[in-house]
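A closer look at the structure
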Amino acid sequence: MKSGFVGIVGRPNVGKSTLLNAILGEKIAITTDKPQTTRNAIRGIYTNYDEDVQMVFIDTPGIHKPRNKLGEFMTEAAINTFGEVDAIIFIVDDALSKGPGDKYIVDMLKNVDTPKILVINKIDKMGPDEFAGVYREYEELNMFDRILGTSALDGIHVDEVIEAAISFMEEGPMFFPDDIVTEHPARFIVSEIIREKVLLYLQDEVPHGVAVEIERYVEEDDITRISAVIYCEKKSHKGMIIGKGGRKLKGIGKSAREEIEALLGTRVFLETWVKVKENWRDSDIALTNFGYRD
């Protein structure tokens, strides 16, 4: 059997989590149109007996120049994967010349010996000439082993990305049982689902300051009882999350509960509260409590 690890890196909001979910054929990483949705490195396990391969894909936080300790953690988590994997998938969705974000990552990758696959995502939104221009810019760098175009959201050419990654795997052990797609516990995925719903329901100024902590998780015969606290940094944000008459929080809870029930295959009783923890993104203690730092 061939096996190994594949890191998925890129700027915030280029489609890293969407590609991971498409590769696995099910959702394990939350996705929104908000930058920096992914905060932890999410491991997805791809096993294919026809190909005789198991690959562990690591979806990393978007690499950016950090403005707080949470940002430092996220960028560090992504950069740390460079030397720990057997192949790197670098995702872009625009020309290299359009902004400094991709160049910042390219400069980091130049000194990395790990095989690199460039994936130009969101090709459904590009014309042929635009795609060709993006392709040429990166090809001229002469640093990528493969360059592919995809639309992860629509599943276009995802199989080609998988095959490219397989080509860099070597003979090795099966790291995980073949019936699991992630090593993360259900509590972690549940907290991420709740956070995703908060991001989808809220305005742009709130999401980066939101964290979710599962305080109670009890599995009974026919129901799972979950209590979750949504933390924000300002009292004004608490009001936004709760909404008039509590309607927004009820909508977040209902949407999260329905997805959690589908994930767990059982009825779910979900309680949610909102609390203020000022400037938690710059607090070492808070980052540790929320699972962003050991």
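Scroll up a little and you will see the structure.
Notes on the structure in this doc start here. Source: prediction; values computed, not measured. (Residues numbered from 1 in each chain as written. Predicted model: local features only at pLDDT ≥ 70, side-chain atom pairs only at ≥ 80, totals over all residues. Heavy atoms only, no water.)

Some points on the sheet that holds strand β8 (residues 211-219)
Taken in spatial order, the 3 strands make up an open sheet running β8-β9-β10, and their pairing is mixed. Every interior strand has two partners, whereas the edge strands, β8 and β10 (267-276), have only one. Ignoring which end each strand starts from, the neighbouring axes of this sheet average 15° apart. Against the sheet, helix α7 (residues 235-242) engages β9 (223-232) and β10, with an angle of about 155° to β10. In the packing of helix α8 (residues 247-264) onto the sheet, contacts are made with β8, β9 and β10, and the angle to β10 comes to roughly 140°. (Pairing = 2+ DSSP bridges. Helix = DSSP H or I, 4+ residues; strand = E, 2+ residues; numbered from the N terminus. Axes fitted to C-alpha atoms, helices over the stretch in contact; angles between N-to-C directions. Contact = heavy atoms within 4.5 Å.)

Brief notes about the packing of aromatic side chains
The relative placement of two aromatic rings is captured by the distance of their centres and the angle of their planes. Counting across every chain of the model gives 6 aromatic pairs. With a centroid separation of 6.1 Å and 65° between ring planes, the pair formed by Tyr138 and Phe144 is classed as edge-to-face. Comparing Tyr138 with Phe144 shows no difference in burial state: the two are buried. Among the aromatic residues, those joined into a cluster by ring pairs are Phe90, Tyr138 and Phe144. (Phe/Tyr/Trp six-rings, centres within 6.5 Å; stacked < 30°, edge-to-face > 60°. Buried < 20%, exposed > 50% of the residue type's maximum accessible area, 1.4 Å probe, protein only.)

Re the pattern of salt bridges
Inspection of every chain in the model, using the stated rule, returns 16 salt bridges. A network of salt bridges, in which partner residues are shared, links Arg11, Asp93, Asp102 and Lys122. (Salt bridge = Lys/Arg side-chain N within 4 Å of Asp/Glu carboxyl O.)

Some details on the nonpolar core
Burial of nonpolar side chains together is a common tendency in soluble globular proteins. Membership of the largest hydrophobic core comes to 51 residues, with the highest contact counts inside it found for Met55, Phe57, Ile89, Ile194, Ile230, Ile241 and Ile260. Discounting residues that sit within four places of it in the chain, Phe57 has contacts with Val6, Ile8, Leu20, Ile23, Ile42, Arg43, Gly44, Tyr46, Ile89 and Ala165. (Core = buried A, V, L, I, M, F, W, Y, C linked by side-chain atoms within 4.5 Å.)

Points about the side chain of Ser151
As for its placement among the helices and strands, Ser151 is situated in the loop between β6 (146-149) and α5 (158-166). Here Ser151 falls in the buried class, since its relative accessible area comes to 2%. Residues contacting Ser151, with those up to four places away along its chain left out, are Asn121, Lys122, Ile123, Asp124 and Ile156.

Some points on helix α3 (residues 100-109)
Quick reminder: α-helices carry 3.6 residues per turn. Residues three or four places apart thus point the same way. Restricting attention to buried positions, one finds in α3 the residues Asp102, Ile105, Val106 and Leu109. All buried residues of α3 project into a common sector of 105° when viewed along the axis, lining one side. Against the buried residues of α3 lie β1 (2-10), β4 (87-92), β5 (116-120) and α4 (128-139). (Arc of directions from axis to C-beta.)

What about the side chain of Thr150?
As for its position among the elements, Thr150 is in the loop between β6 and α5. A polar side-chain atom of Thr150 sits 3.2 Å from a polar atom in the side chain of Asn121. The residues touching Thr150, leaving out its near neighbours within four places in the chain, are Val119, Ile120, Asn121, Lys122, Ile123, Ile156, His157 and Val161. (Polar contact = N/O pair within 3.5 Å; in protein donor to acceptor, adjacent residues only side chain to side chain.)

Side note on the packing of α7 against α8
Where α7 meets α8, the axes come as close as 5 Å, and the angle between the chain directions of the two elements is 65°. Packed against α7, whose contacting residues are Met240, Ile241 and Ile242, the element α8 presents Arg247, Lys248, Leu249 and Ile252 at the interface. Of the residues that constitute the contact of α7 with α8, the class distribution is 5 nonpolar, no polar and 2 charged. (Nonpolar A, V, L, I, M, F, W, Y, C, P; charged D, E, K, R; others polar.)

Digging into the packing of helix α6 (residues 186-201) against α8
Where α6 contacts α8, the two axes come as close as 9 Å, and the packing angle between them is 145°. As for how α6 packs across α8, the hand of that crossing is right-handed. Judged by residue contacts, Ala186, Ile189, Val190, Ile193, Ile194, Glu196, Lys197, Val198 and Tyr201 of α6 engage Lys248, Gly251, Ile252, Ser255, Ala256, Glu259, Ile260, Leu263 and Leu264 from α8. The class makeup of the residues in the contact of α6 with α8 is 12 nonpolar, 2 polar and 4 charged. (Left-handed = near helix turned anticlockwise from the far one by under 90°.)

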